[in-house]
Amino acid sequence: MKILSLIFFFSVTSVFAGLVQAPPAFEYNNQKSIYVDFQSVSSVLSLVDANCVANQSQCEIQVTSKVRFIQLEFGRPLFDLVSSPDESFIDGFPVEVSEIELPGSVSKVRRVEASLPPGFYDLTLKHRFTENVSSNQGLEFGFWYLDLVDRHFLELYLPTNFEFDQFKLRVTLKFPELNSSDYRVFSNGEVNPLGEGLWSVSFPSFYTASSPYLHLFPAKTKKIQYFNLESMDGRTIPVTSYSDKKNSATLFSKKIAKMFYTYERDFGPWPHESFVGYQSQSGGMEYPGATRTSYFALDHEMLHSYFAKGVFPANGNSGWLDEAIAKWHDYGYPRVNAMCFDGGELGAHSVYERKTDSDSYKQGGQLMAYIDYLLSLKGTSLKQALKKFFVENRFKTITTEDFVKSIQKNSNLDITALINNYVYHIPVSLESLENEYGGHLTSNNSYQCFLWKMRYKLIKW
Ligand SMILES: [Zn+2]
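Residues numbered from 1 in each chain as written. Predicted model: local features only at pLDDT ≥ 70, side-chain atom pairs only at ≥ 80, totals over all residues. Heavy atoms only, no water.

Under the defined criterion, the tally for this structure stands at 39 aromatic pairs. Ring centres of Phe 267 and Tyr 306 lie 6.0 Å apart, and the angle between their planes is 50°; this geometry places the pair in the tilted category. Of this pair, Phe 267 sits in helix H3 (residues 249–267) while Tyr 306 sits in the loop between helix H4 (298–303) and strand E23 (312–313); the two residues are 39 residues apart in sequence, bridging distant segments of the chain. Residue Tyr 306 is classed as buried on the basis of its relative accessible area of 0%. Between Phe 307 and Phe 390, the ring centres sit 5.9 Å apart and the planes meet at 75°, which makes this aromatic pair edge-to-face. Of this pair, Phe 307 sits in the loop between H4 and E23 while Phe 390 sits in helix H7 (residues 382–393), and the two are 83 residues apart along the sequence. Comparing Phe 307 with Phe 390 shows no difference in burial state: the two are buried. (Phe/Tyr/Trp six-rings, centres within 6.5 Å; stacked < 30°, edge-to-face > 60°. Helix = DSSP H or I, 4+ residues; strand = E, 2+ residues; numbered from the N terminus. Buried < 20%, exposed > 50% of the residue type's maximum accessible area, 1.4 Å probe, protein only.)

Right under this line is the structure:
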């Protein structure tokens, strides 16, 4: 028995390495709450009331999901789903699912209220949601996320694990009341029409809770363009570019092509099989090989197909890095030998934190500009270092430490003290940082900082 257990644990810990980045288990109401490893999620979506489209009333979507997961220790499994499930079963037996607070009240999650031994389990859930569902000109809904707001990823729509985990997702859209020819289903997964009002969408197994892009809408409500881009590695990348009627799809498509070739030149071949760009009114959110964005933030969001959605942040404390890189791009990749703030806490939050620190843009962008300066003293650049970091970690979930190690290994630059001071809120005397790295870290009133602040004022997104 003991040998069998050891073999079992050895094999699962090597295969299911995702749990290495999971937060630690914790007690809640005297019961141990544990993070688990999702293998797959399969969800079927349909309408609660088939007449809501014709009546133009608020449509409610009902979902039946089957989650296959493994847990490596005894305890009550954690996952998330914002809507309270109507029904829940473990391996076919009814089970209670409650909403509990994470330690420090940093967020809420769902917990299966059954203490289970290690093993594989099937969790079946039924729930409903209305988030981002409309019936104004026909049925429309999309998986829209926000990374600066807690619980605004896939959990708004489907049961999901947390960002440390990567798992297969298959979504079946079952809307027999719709004429397929009047609708479009755009996704960064593989869309297969199965019949009238019936589609299946399969997402790659390296996707995380903030990855699946899915948008169903009446075809008449958007301008749509399809074209191909030739990747530097010889692949043909199909592009779907679409916009709300009032916007120009042509200008948007031209910018997609321009940024595609720019990023291939800077960071290597386009990481994904396709690209879907939806031009909406303002702001933007990134997905792997997809974005919903304004025209002006398109380049920022496309860069995230490399950093954020080509390598994925494993948790809220790692989310600062990709926003720092994207903001550094927005600034025009500046190189500065000054830091205009004394320290920061971009990645210093609770290990249970799930959202990205909102200072990641302004402070993180400047930190990247300073790291680029330090790398120039070594005869290289941050762009070159990021390209290597990307190749080494493509399609993996990463933490701040992975970034620090990559810079050390490839460029022989130890940024530990710098990251401690500006990311982990472990204050180091600025004089000692200056002695270690050079530059003018305390020169808040310098001409460099004046220029920096002007630049930040001009570029706001
Ligand atoms: Zn961003």
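The structure having been displayed, the exposition proceeds.
Here the focus is the side chain of Thr 291. Considering the arrangement of structural elements, one finds Thr 291 in strand E22 (residues 290–293). What makes Thr 291 buried here is its relative accessible area of 0%. Sequence-distant contacts of Thr 291, that is, excluding residues within four places in its chain, are made with Tyr 213, Phe 275, Val 276, Gly 277, Tyr 278, Met 285, Glu 286, Leu 298 and Glu 301. (Contact = heavy atoms within 4.5 Å.)

By the assigned domains, the protein splits into domain 1 (2–212) and domain 2 (311–461). Listed as interface residues are 27 residues of domain 1 and, on the opposing side, 21 residues of domain 2. With both sides pooled, the region where domain 1 packs onto domain 2 buries about 1800 Å², and carbon together with sulfur makes up 53% of that total. Among the residues domain 1 hides against domain 2, the three largest losses belong to Gln 21, Leu 148 and Glu 163. Together they make up 32% of the total. Our enumeration of links across domain 1 and domain 2 arrives at nine residue pairs in polar contact (both at pLDDT 80 or more). (Domains from an automatic or database assignment. Buried area = accessible area lost by both parts, 1.4 Å probe. Polar contact = N/O pair within 3.5 Å; in protein donor to acceptor, adjacent residues only side chain to side chain.)

Donor atoms from the polypeptide that coordinate the zinc ion comprise His 300 (NE2), His 304 (NE2), Glu 323 (OE) and Glu 323 (OE), at 2.0 to 2.7 Å from the metal. Note that the zinc ion binds four donor atoms; their angles at the metal cover 53 to 158°, and the shape is irregular. In the primary sequence, the donor residues of the zinc ion line up as H-x3-H-x18-E. Of this pair, His 300 sits in helix H4 while Glu 323 sits in helix H5 (residues 319–331), and the two are 23 residues apart along the sequence. You'll find His 300 and Glu 323 in the same group, each marked buried. (Donors = N, O, S within 2.8 Å, 3.2 Å for Na, K, Ca; no water. Tetrahedral: all angles 85-135°; square planar, octahedral: opposite > 155°, others 65-115°.)

This brings us to the sheet that holds strand E13 (residues 168–174). Within the open sheet, the eight strands sit side by side as E7-E6-E10-E4-E3-E13-E16-E15. Their pairing is mixed. The open sheet has two edge strands, strand E7 (93–94) and strand E15 (190–195), and neither has a second partner. Of the strand pairs in this sheet, E15 and strand E16 (residues 198–203) are connected by five bridges, and their pairing is antiparallel. Among the inter-strand pairings, Val 191 is bridged to a residue of E16, identified as Val 201. (Pairing = 2+ DSSP bridges.)

Attention now goes to H3. Helix length check: H3 (19 residues) gives 26 Å between terminal C-alpha atoms against 27 Å at 1.5 Å per residue, within 8%. Residue Gly 268 follows H3 closely and has a positive phi angle near 100°. (Expected span 1.5 Å × (residues − 1).)

Relative orientation of the contacting elements H5 and H7 amounts to 140°, with a least axis distance of 13 Å. Accordingly, the angle class assigned to the pair H5 and H7 is oblique. Crossing of H5 against H7: the hand is left-handed. The residues of H7 that touch H5, namely those facing Leu 321, Ile 325 and Trp 328, are Leu 382, Lys 383, Leu 386 and Phe 389. For the contact of H5 with H7, a count of residues per class yields six nonpolar, no polar and one charged. (Axes fitted to C-alpha atoms, helices over the stretch in contact; angles between N-to-C directions. Parallel < 35°, antiparallel > 145°, perpendicular 65-115°, else oblique. Left-handed = near helix turned anticlockwise from the far one by under 90°. Nonpolar A, V, L, I, M, F, W, Y, C, P; charged D, E, K, R; others polar.)

The next subject is the nonpolar core. Counting residues in hydrophobic clusters, the biggest one holds 62 residues, and the most contacted among them are Leu 45, Leu 139, Phe 141, Leu 173, Phe 175 and Leu 216. In this view, Leu 45 contacts Ile 61, Gln 62, Val 63, Phe 129, Phe 141, Leu 158, Val 171, Thr 172, Leu 173, Lys 174 and Phe 175; residues no more than four positions away in its chain are not counted. Of all hydrophobic cores here, the second largest spans 61 residues; its members include Leu 303, Cys 340, Leu 367 and Leu 430. (Core = buried A, V, L, I, M, F, W, Y, C linked by side-chain atoms within 4.5 Å.)

With that settled, the discussion passes to the state of the cysteines. Within this structure, the stated rule accounts for one disulfide. A disulfide bridge connects Cys 52 with Cys 59, and the sulfur atoms are separated by 2.0 Å. Note on the Cys 52 and Cys 59 pair: the S-S dihedral is about 105°, so by sign convention the disulfide is right-handed. Grouping residues by exposure puts Cys 52 and Cys 59 together as buried. (Disulfide = S-S within 2.5 Å.)

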